[in-house]
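Below, each chain spelled out in residue letters.
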Amino acid sequence: MLEFNEQTDGRYLKGHGGDTSNAAIAAARQNASVGYLTQLGKDAFGKEFLELWQSEGVDTCHVKQRGDARTGIYFVSHDERGHSFTYMRKGSAASLMSPSDLPLEYISGARILHVSGISQAISATAADTVFAAMEICRKAGGWVSYDTNLRLNLWPLERARAVTHAAMARAHIALPGLEDAVQLTGLTDPDAIADFYLNLGCEIVALTLGKEGTLIALPNERRRVPGLPVKPVDATAAGDTFDGAFLAEMAAGRDPYEAARYANAAAALSTQGFGAVAPMPKRQDVEKFMNEGRAA
């Protein structure tokens, strides 16, 4: 979705958002090989997205443009409680995706497929499409990653629970944020939340805890991986940056704890500017930040 992010002077800065798009770009900036699947409107905003992904090295060969629907839009506002979102995406091209739109061979060739609760919340057909993509990837021997990314203005909590729990049962890597997980599971203790998702069948749980870092839980081992301190300006896509960096590191053969340490640093750096995409760091920036943190 095209993003309009409120600035300190009240004006809105145009940018590009959408959680899985953000994660794809974040992964590409860590030198991962990344492709993206979605639908766009045949409009100026859709053209901007194609140009953005291509400039970032994200493969768009299976991104479709539709003449009968528009590209989605959202606004980000800021106050003392943090940031909030206003969406204009009902009936958007992405929300009209169905399982028949999926490129089977392309998905089967992926090492990791990343999807999210927002991917499923935008429409019933989109939810079915995500489930179908997960099954294609799993049958081909790939891994599935799932971020709950709960947005209660898109669907009621009970439906969100039912769908995301069913999706997590099909995922290998769970990427919930603590606030979302508390609402979805009814649990408050991070270890209990990790156990919940492991019991659904996930093999790796990376529960992000904000400035407290990340809890990485495997069936037989778990550790808290601390974050690096920063003074945040805008946390709009910090979670998406974490996802992309974490998955890029996992795809490169890192263990989950190493991947989380790296992703914590990338997410922290992404809060140093406004908007979803512009502040996302590249690999050299993350490595420099991590080295400085060790030296301190």
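See the structure printed just above.
Residues numbered from 1 in each chain as written. Predicted model: local features only at pLDDT ≥ 70, side-chain atom pairs only at ≥ 80, totals over all residues. Heavy atoms only, no water.

Participant: Mind showing me how you'd approach the packing of helix α9 (residues 238-251) against helix α10 (residues 256-270) here?
Facilitator: The description of two packed helices rests on the angle between their axes and on the distance between the axes. Across the interface, α9 lies against α10 with an axial gap of 8 Å and an inter-helix angle of 145°. Here α9 and α10 pass one another in a crossing that is right-handed. Each of Ala238, Thr241, Phe242, Ala245, Phe246, Glu249 and Met250 in α9 lies in contact with α10, whose residues at this interface are Pro256, Ala259, Ala260, Tyr262, Ala263, Asn264, Ala266, Ala267 and Ser270. (Axes fitted to C-alpha atoms, helices over the stretch in contact; angles between N-to-C directions. Helix = DSSP H or I, 4+ residues; strand = E, 2+ residues; numbered from the N terminus. Left-handed = near helix turned anticlockwise from the far one by under 90°. Contact = heavy atoms within 4.5 Å.)

Participant: What exactly am I supposed to notice about the nonpolar core here?
Facilitator: Nonpolar side chains in soluble globular proteins tend to be buried together. Residues Val115, Met134, Tyr146, Tyr197, Cys202, Val205 and Leu207 are the most contacted members of the largest nonpolar core, which totals 33 residues. Elements supplying a minimum of two residues to this core: β9 (112-116), α5 (124-139), β10 (143-147), α6 (157-168), α7 (178-185), α8 (190-200), β12 (204-208) and β13 (214-218). Here the element with the most residues in this core is α5; it accounts for six residues. Apart from the residues lying within four places of it in its own chain, the contact partners of Leu207 are Pro176, Gly177, Leu178, Ala181, Pro190, Ile193, Gly213, Thr214 and Leu215. Counting residues in hydrophobic clusters, the runner-up holds 26 residues, among them Val34, Tyr36, Val63 and Val76. (Core = buried A, V, L, I, M, F, W, Y, C linked by side-chain atoms within 4.5 Å. Buried < 20%, exposed > 50% of the residue type's maximum accessible area, 1.4 Å probe, protein only.)

Participant: So what exactly am I meant to see when it comes to the sheet that holds strand β7 (residues 73-79) here?
Facilitator: Each strand in a sheet pairs with another by means of backbone hydrogen bonds, the pair being arranged parallel or else antiparallel. With mixed pairing, the four strands of this open sheet are ordered in space as β2-β1-β7-β8. Across the chains shown, the open sheet's two edge strands, defined by having one partner strand only, are β2 (12-16) and β8 (82-88). Averaged over all neighbouring strand pairs, the angle between strand axes comes to 25°, with direction disregarded. Note: strand β1 (residues 2-6) against β7, four bridges, orientation parallel. Considered in β7, the bridge of Asn5 is made with Val76. On the sheet, helix α2 (residues 44-55) packs against β1, β2 and β7 and is oriented at approximately 60° with respect to β2. (Pairing = 2+ DSSP bridges.)

Participant: Please explain the environment of Ser92 as it appears in this structure.
Facilitator: With respect to the helices, strands and loops of the structure, Ser92 is situated in the loop between β8 and α3 (104-108). Beyond its immediate chain neighbours, meaning those up to four positions away, Ser92 contacts Ala69, Arg70 and Gly72.

Participant: So what exactly am I meant to see when it comes to the pattern of salt bridges here?
Facilitator: Two side chains with opposite charge may pair up if their charged atoms get near one another. One pass over the full model with this rule turns up 13 salt bridges. Across the pair Arg11 and Asp9 runs a salt bridge whose closest N-O atoms are separated by 2.8 Å. When its relative accessible area of 47% is taken as the criterion, Asp9 is described as partly exposed. Its salt-bridge partner being Arg283, residue Glu287 comes within 3.4 Å of it at the nearest N-O pair. Taken together, the residues Glu287 and Arg283, both in helix α11 (residues 283-295) and four residues apart, mark about one turn of the helix. For Arg283, a relative accessible area of 14% corresponds to the buried category. When salt bridges with common partners are traced through the structure, they connect Glu249, Arg254, Arg283 and Glu287 into a single cluster. (Salt bridge = Lys/Arg side-chain N within 4 Å of Asp/Glu carboxyl O.)

Limitation: the analysis is restricted to geometry and does not speak to function.
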